[in-house]
Amino acid sequence: MSESRTPTGELLLRTLAMPADTNANGDIFGGWLMSQLDLAGGILAKEVSEGRIATVSVSSITFKHPVSVGDVVCCHGYCARIGNTSMSIHLEVWNKKVMGDRTGIRELVCEATFNYVAIDENGRPRPVPKKKD
């Protein structure tokens, strides 16, 4: 069943699910989706922190529907929390079917919260710049 709501946050990453990314059942690996989420979250975290970042943890991740080969995978997200040196990024993966009887249908397939820390040139935590109003 397709999701009735729309993606939350900005589009951070868009890619195509390929055959090399499948498990034994022919579905896309959850680990591949996690790597796409980390790329997308890292893009936003780097923008928020105005520099280098490192992934610290994943607070939560929920896989809701399988992703198939040929699906267009879109990662959306927003910064949910900013601390002194860290930030939490809420992420959603939406897929879009481009083949078969479900062409054009979009559904929420995964949600997660990734945590990042801003780091300096030596890999040590540094303050996240305060937003300028």
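Above: the structure in question.
Cut-off values and rules
Residues numbered from 1 in each chain as written. Predicted model: local features only at pLDDT ≥ 70, side-chain atom pairs only at ≥ 80, totals over all residues. Heavy atoms only, no water. Helix = DSSP H or I, 4+ residues; strand = E, 2+ residues; numbered from the N terminus. Buried < 20%, exposed > 50% of the residue type's maximum accessible area, 1.4 Å probe, protein only. Contact = heavy atoms within 4.5 Å. Areas by Shrake-Rupley, 256 points an atom, 1.4 Å probe, with all protein chains shown as cover. Pairing = 2+ DSSP bridges. Core = buried A, V, L, I, M, F, W, Y, C linked by side-chain atoms within 4.5 Å. Salt bridge = Lys/Arg side-chain N within 4 Å of Asp/Glu carboxyl O.

Scanning the chain from N- to C-terminus turns up one helix and five strands. For the chain, the sequential pattern of α-helices and β-strands runs β-α-β-β-β-β. Summarising its shape, the C-alpha atoms of the chain cover approximately 50 × 30 × 20 Å along the three principal directions. Of all 133 residues assigned to the chain, the portion counted as buried reaches 38%. Residue pairs at least 24 apart in sequence account for 71% of intrachain contacts in the chain once pairs closer than 6 positions are excluded. Summed over all atoms, the accessible surface of the chain reaches about 7,400 Å², with 53% contributed by carbon and sulfur.

Of all the eleven residues making up strand β4 (residues 86–96), nine are buried; the element is thus mostly covered by neighbouring parts of the structure. Across ten bridges, the pairing between strand β3 (residues 72–82) and β4 is antiparallel. Within β4, the residue paired with C75 across the bridge is V93. Connecting β3 to the next strand, β4, in antiparallel fashion are three residues. Of the pairings in the sheet, the one linking β4 to strand β5 (residues 106–118) comprises eleven bridges and is antiparallel in character. Along β5, the bridge assignment pairs N95 with E107.

On to the nonpolar core. Burial of nonpolar side chains together is a common tendency in soluble globular proteins. The biggest cluster of nonpolar side chains holds 24 residues, and the ones touching the most others in it are L37, V67, V73, M87, I89, L91 and V93. Elements that contribute at least two residues to this core include exactly β1 (10–16), α1 (30–49), β3, β4 and β5. Excluding its chain neighbours within four sequence positions, the residues that come into contact with V67 are A17, D27, I28, L33, V73, N95 and V109.

So, on to the pattern of salt bridges. Tallied over the entire structure, the rule returns three salt bridges. Residue R5 pairs with E111 through a salt bridge whose shortest N-O separation is 3.6 Å. Taken as a pair, R5 in the segment before β1 and E111 in strand β5 lie far apart in primary sequence, 106 residues in all. Overall, R5 belongs to the partly exposed group, its relative accessible area being 31%.

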